[in-house]
Amino acid sequence: MLKNILVVLFSLVFISFSYAQLKIDPRIVVFDPTSVGDKSDKEKITVKNEGDERILIGDVDIVGGDKDDFDITNEDCEGEILSEGEECKIKVRFEPQSKGVKLSVLKFESATYRGGLELDFNENFVFLAGFGTESTDLEVDPETHEFKNMEVGDEETVIIRLKNKGDDTIKIKDYELKTLNLGKIVRTKKEEFEINENGGIRPCGTMKPTLDPNEYCTIEITFKPKKHGYKLAALLFETDEEDSPVNGVVFYGDVDKESDSDDGILGGCSFGNVATVPLYLVIPLLMLFRRFRA
């Protein structure tokens, strides 16, 4: 019976952009570097209903990218009905299975319930980034950097310091700039980053320097966003130490966010103007939404 109701409902649906009433904070979670096989501290994501209509929260899951390196440690929000001003929290932890930068997406579905007359479905996203480390004498400072209050056409330069904190000489044998793109939401291009190996107070002079014990050198990273949207990237350095460990810095930020109403872009597509749905059917509808669409 429920399956038949779903078929009828979604045959009446049309897709439109929705300016979601949910406030999700933060939109990007960047975990501190964490050793492979270890667990990071838990990070909280707050979901708040800032509208005047009830919102139901459906399946909460981590999808795409390196999803096995992240874990949801509670399901406080899943299945909740948030009235005006109410909020719930999602706790996430980083558990790297291998070395290197890890990027993924926390996704959950929601539905705005309008007194049985209208039901709008939305997909909501939070971007997750972490760095799985192994024992290395290479220290990278800073470990993370957020680009704040930037618009397309702006630029910002960051000084990165590479230091040998060990007792033996080490050489950086390789490096890589890794970026994440996700449709029209996360738009990060390698061309938006310029690397100057002769920048800072003690220039490395090369992206593959050799560092004696306690020696350090600097490079400059300049970010010039070409398109608006959320940005996620990492600059990774691999050393010639045993097992070739990797360390690096994670960059993130939101470019050209004009107002809070832009959060609706992250709500994805909504499915509105459906037939009357009794409240007791909304929860199972929401839980089955993903499987039905698949």
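Caption draft 1: Seen up close, the state of the cysteines. Applying the stated criterion across every chain, the model contains two disulfides. A sulfur-sulfur distance of 2.0 Å marks the disulfide that ties C77 to C88. Its S-S torsion of about 115° marks the bond between C77 and C88 as right-handed, since a negative value means left-handed. Of the two residues, C77 sits in the loop between β7 (70-72) and β8 (81-82) while C88 sits in strand β9 (residues 87-94), which places them 11 residues apart along the sequence. Like C88, C77 is buried. Ordinal numbering of bonded cysteines along the chain defines a disulfide pattern of 1-2, 3-4.

Caption draft 2: Layout of the pairing of strand β20 (residues 216-223). For β20, the tally of buried residues reaches six of eight residues, placing the bulk of the element in the interior. With eight bridges joining them, strand β14 (residues 156-164) and β20 adopt antiparallel strand pairing. Opposite V158, over in β20, you have I221 as the bridge partner. The pairing of strand β18 (residues 193-196) with β20 spans four bridges and is antiparallel. Each residue of the ladder has a partner; that of I195, found in β20, is I221.

Caption draft 3: Just the sheet that holds β20, in detail. Sheet architecture is open: four strands sit in the order β12-β14-β20-β18, paired in antiparallel fashion. Since the sheet does not close on itself, it has two edges, and those belong to β12 (138-141) and β18, each with one partner. Across the sheet, the mean angle from the axis of one strand to that of its neighbour is 25°, orientation sign disregarded.

Caption draft 4: Just the confidence of the model for the chain, in detail. Model confidence for the chain is summarised by a mean pLDDT of 78, while 77% of its residues fall at 70 or above. Counting interchain partners and residues more than four positions distant, the pLDDT-below-50 stretch residues 1-20 has 39 contacts. Note on residues 258-294: pLDDT is under 50 here. Beyond four places in sequence and across chains, it has 109 contacts.

Caption draft 5: How the structure looks around the sheet that holds strand β2 (residues 22-25). With antiparallel pairing, four strands are arranged side by side in an open sheet as β2-β5-β9-β7. Edge positions in the sheet fall to β2 and β7, since each of these pairs with one other strand and no more. Averaged over all neighbouring strand pairs, the angle between strand axes comes to 25°, with direction disregarded. Judged from the four bridges that link them, β2 and strand β5 (residues 43-49) form a sheet pairing that is antiparallel.

Caption draft 6: Local environment of the environment of D25. Residue position: D25 is located in strand β2. Relative accessible area serves as the criterion here: at 47%, D25 is assigned to the partly exposed category. A C-alpha to C-alpha distance of 8.7 Å links D25 and V126, two positions 101 residues apart in sequence. Sequence-distant contacts of D25, defined by excluding residues within four places in its chain, comprise K44, I45 and T46.

Caption draft 7: Local environment of unusual backbone geometry. Cis geometry is found at the peptide bond from D25 to P26, where omega equals 0°. The omega angle of the peptide bond from D141 to P142 is 5°, so this bond is cis rather than trans. With respect to the element layout, P142 can be found in the loop between β12 and β13 (144-150). One non-glycine residue, N214, lies in the positive phi region at around 70°. Summarising the element assignment, N214 is placed in the loop between β19 (210-211) and β20. For S244, which is not glycine, the phi dihedral falls at a positive 50°. Here S244 lies in the loop between β21 (229-239) and β22 (246-255).

Parameters and conventions
Residues numbered from 1 in each chain as written. Predicted model: local features only at pLDDT ≥ 70, side-chain atom pairs only at ≥ 80, totals over all residues. Heavy atoms only, no water. Disulfide = S-S within 2.5 Å. Helix = DSSP H or I, 4+ residues; strand = E, 2+ residues; numbered from the N terminus. Buried < 20%, exposed > 50% of the residue type's maximum accessible area, 1.4 Å probe, protein only. Pairing = 2+ DSSP bridges. Axes fitted to C-alpha atoms, helices over the stretch in contact; angles between N-to-C directions. pLDDT = per-residue confidence, 0-100. Contact = heavy atoms within 4.5 Å.

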